[in-house]
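Examination of the molecular architecture
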Amino acid sequence: MNTDRPIKICVIGGGFGGLYTALYFSRFDLVKNRKCQVTLIEPNDHFLFTPLLYELLTGELQRWEIAPSYSKLLQGTQIQLRQQTVKTIDLKARCVGLMNDETLSYDYLVLAVGTQNRWANIPGLKDYALTFRSLADLERLQTQLHILENSERQHLKVAVIGGGPNGVELSCKIADRLGSRGQVYLIERGDALLKNFSKAIGKASYKALKARRIAIHHDCDVEKITADSLRITEQQQAQDLPIDLVIWTAGTQSREWLSELDCQQTDQGKLLVHPTLQLLDYPEVLALGDIAQMASTRQNIPATAQAAFQQASCAAKNLKAMIKRNRPKPFFYLHLGDMLTLGKRSAIISSFSINIDGRIADISRRFIYILRLPTQRHKTQVLKHWVKNTLIKLGRWLRWQKQQLFAEKPAKPY
Ligand SMILES: Cc1cc2nc3c(=O)[nH]c(=O)nc-3n(C[C@H](O)[C@H](O)[C@H](O)COP(=O)(O)OP(=O)(O)OC[C@H]3O[C@@H](n4cnc5c(N)ncnc54)[C@H](O)[C@@H]3O)c2cc1C
């Protein structure tokens, strides 16, 4: 490798895997003394902290808190942002083709482009169902909910398809937003919700769904969707549910263009990697996050932000090791637990057999996620805003308590 010019590191995807790898790596002297040049390629102008996306629906959080712009996040770092979409990668020639037909060469590549929505073959699904994975999805859903809320209709019926965490969390938030006017249906093909989660998470989730009168349909197939109805089959009985809004949360899949990469993949299109996160036949390429699967270990690494976040620091350290001609180290996933938001100001946390739910879990979850936000500056801004808001609310509550106390006091006898 020519050492006169900076070593070119290309990171594709500015999500949990890519952005955090770039930020972590940019702290090393290799970048500070300009021996390495890091380029982050990402089509969007903002990062999205997906676990907190639900809170925008209920106004518990503001957009700037969970979707800061890359220009703000990368300020003061030496990471160059290319707001572009990658359309091809020539792994042999070590170059990346962008949508604008430009080509970038690299010495090391980090691939973390995440997954995309998977549509099932259900008539009407693509035409009438919304999804919930991005800010654009959120905006579409906000608009539809706003139209319904401002309509003359007395009862607003929303169906959420998919009984995974996304479906459960979304159902609870929508039910809380619509209040007594809303009826949410949660539809799951399998025989239970949240199949891969602990008993405590399952129990708290069912309790939260029931408290919000959410109609849970297990073992239920969606046959057809129209502009105002949903045909479902349950216990071999078909029925049409009148519905105002349908949201599809049932599944993700690999991005199509990845299947054209000349590297080993699973049948589902995940890129096979060594425990060090290096692609099987290309040691200079690291793949992580939702698109990667370990080829030779028994580690069951979930497709979650938690896993991608942990992999990012390993990827950055391994890049440094490779550049310094040291041996990259294997990644070990540590499952720290699960956290789900279960409606407005309520959550469940299950970690190392300790379970907490309700308001305390909500506050703890929020705090833990603030600590996971990218960059110290952004974390501090969000934390300050949260503390200020909490103090204002506490002040209002104390004033209200004081008023109640005096209101209840019997009048002084003269
Ligand atoms: C609503 C929602 C809630 C979630 N809640 C949780 C949770 O509570 N806990 C948890 O652990 N996980 C959660 N997840 C899952 C988590 O978001 C993903 O597992 C995680 O984001 C995966 O990280 P990644 O880096 O692989 O992909 P992503 O974070 O999805 O990042 C991929 C990036 O690549 C970019 N990209 C895509 N194609 C291209 C291209 N061609 N060229 C350049 N860039 C490209 C995308 O724009 C994106 O920014 C949630 C997901 C969603 C949608």
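Residues numbered from 1 in each chain as written. Predicted model: local features only at pLDDT ≥ 70, side-chain atom pairs only at ≥ 80, totals over all residues.

Remarks on the pairing of strand S22 (residues 338–341)
Alternating residues of S22 divide into Asp338 and Leu340 and Met339 and Thr341, and every residue in both groups is buried. In terms of strand pairing, S22 meets strand S23 (residues 347–351) through four bridges, oriented antiparallel. Considered in S23, the bridge of Asp338 is made with Ser350. (Buried ≥ 20, exposed ≤ 12 C-beta atoms within 10 Å, placed from the backbone. Helix = DSSP H or I, 4+ residues; strand = E, 2+ residues; numbered from the N terminus. Pairing = 2+ DSSP bridges.)

Quick word on unusual backbone geometry
You will see that Arg213, though not glycine, has its phi angle at about 55°, which is positive. Mapped onto the secondary structure, Arg213 falls in the loop between helix H9 (199–211) and strand S12 (215–217). Of note, the phi angle at Leu277 is positive, near 75°, even though the residue is not glycine. With 28 C-beta atoms packed within 10 Å, Leu277 lands in the buried category.

Overview of the sheet that holds strand S6 (residues 103–105)
Taken together, three strands build an open sheet; the order of strands is S4-S5-S6 and the sheet is antiparallel. This sheet does not close on itself; its edge strands, each paired only once, are strand S4 (86–90) and S6. Neighbour-to-neighbour, the strand axes of the sheet open up by a mean angle of 20°, direction not taken into account. Of the strand pairs in this sheet, S4 and strand S5 (residues 95–98) are connected by four bridges, and their pairing is antiparallel. Within S5, the position partnered with Ile89 by the bridge is Val96. (Axes fitted to C-alpha atoms, helices over the stretch in contact; angles between N-to-C directions.)

Brief notes about the nonpolar core
Within the largest apolar cluster, 106 residues are counted, with the highest numbers of intra-cluster contacts made by Ile12, Leu111, Ile247 and Ala287. Counting residues per element, this core draws most heavily on helix H10 (residues 305–323), which supplies seven residues. Excluding residues within four positions of it along the chain, Leu111 makes contact with Ile12, Leu271, Val285, Leu286, Ala287 and Ile291. (Core = buried A, V, L, I, M, F, W, Y, C linked by C-beta atoms within 7 Å. Contact = placed C-beta atoms within 7 Å.)

What about helix H7 (residues 135–149)?
Along its 15 residues, H7 runs 20 Å from first to last C-alpha, staying within 8% of the 21 Å computed at 1.5 Å per residue. Listed in full, the buried residues belonging to H7 are Leu138, Leu141 and Leu145. Along the axis of H7, the buried residues cluster in a sector spanning 65°; they form a single face. Opposite its buried face, H7 presents the exposed residues Ala136, Glu139, Thr143, His146 and Ile147, each directed more than 90 degrees away. Buried residues along H7 sit against helix H3 (54–57), strand S9 (129–131), helix H8 (165–178) and strand S16 (245–248). (Expected span 1.5 Å × (residues − 1). Arc of directions from axis to C-beta.)

With respect to the site of the ligand
The immediate surroundings of the ligand are formed by 31 residues, with Gly13, Gly15, Gly17, Gly114 and Gly289 found nearest. Element by element, the count of residues in the shell around the ligand is highest for H10, at three residues. Mapped onto the domain boundaries, the shell around the ligand takes at least three residues apiece from domain 1 (7–115 + 254–335) and domain 2 (117–251). (Near = placed C-beta within 6 Å. Domains from an automatic or database assignment.)

Comments concerning the pairing of strand S1 (residues 7–12)
As paired elements, S1 and strand S2 (residues 36–41) share six bridges and run parallel to each other. Looking across to S2, one finds that Ile12 is bridged to Ile41.

Observations concerning helix H1 (residues 18–26)
Of all nine residues in H1, eight are buried, a share of seventy percent or more. Gly18, Leu19, Tyr20, Thr21, Ala22, Leu23, Phe25 and Ser26 are the residues of H1 that are buried. Those residues of H1 that are buried lie in contact with S1, helix H2 (29–32), S2, strand S3 (79–82), strand S7 (108–111) and H10.

Some thoughts on the environment of His274
Looking at where His274 falls in the secondary structure, it is placed in the loop between strand S18 (271–273) and strand S19 (278–279). Given 17 C-beta atoms within 10 Å, His274 falls into the partly exposed group. When the C-alpha atoms of His274 and His155 are compared, they prove to be 53 Å apart, with 119 residues separating the residues in sequence.

Focus: the domain arrangement of the chain
Per the domain assignment, the segments making up the chain are domain 1 (7–115 + 254–335), domain 2 (117–251) and domain 3 (347–405). Averaged C-alpha coordinates put domain 2 and domain 3 at centres separated by 28 Å. Listed by partner, the interface residues are five residues for domain 2 and four residues for domain 3. Residue composition of the side of domain 2 that touches domain 3, grouped by class: three nonpolar, two polar and no charged. (Nonpolar A, V, L, I, M, F, W, Y, C, P; charged D, E, K, R; others polar.)

Topic: the sheet that holds S22
Pairing within the open sheet is antiparallel, and its three strands lie in the order S22-S23-S24. Edge positions in the sheet fall to S22 and strand S24 (354–357), since each of these pairs with one other strand and no more. The sheet shows a mean angle of 5° between the axes of neighbouring strands, direction not considered. Strands S22, S23 and S24 of the sheet are contacted by helix H11 (residues 358–372), whose axis makes an angle of about 70° with S23.

Comments concerning the packing of H8 against H9
In contact at an axis separation of 10 Å, H8 and H9 are set at 30° when each is read in the N-to-C sense. What the angle tells us is that H8 and H9 run roughly parallel. In terms of crossing hand, the pair formed by H8 and H9 is left-handed. The segment H8 lies against H9, with Val168, Ser171 and Cys172 engaging Ser205, Ala208 and Leu209. A class-by-class count of the residues in the contact of H8 with H9 yields four nonpolar, two polar and no charged. (Parallel < 35°, antiparallel > 145°, perpendicular 65-115°, else oblique. Left-handed = near helix turned anticlockwise from the far one by under 90°.)

Section: the packing of H1 against H10
Following both chains from N to C, one finds H1 and H10 inclined at 45°, their axes separated by 8 Å at the closest point. With respect to their mutual orientation, H1 and H10 come out oblique. H10 is crossed by H1, and the crossing has right-handed handedness. Contacts from Tyr20, Thr21, Tyr24 and Phe25 of H1 reach H10 at Phe309, Ala312, Ser313, Ala315, Ala316, Leu319 and Lys320.

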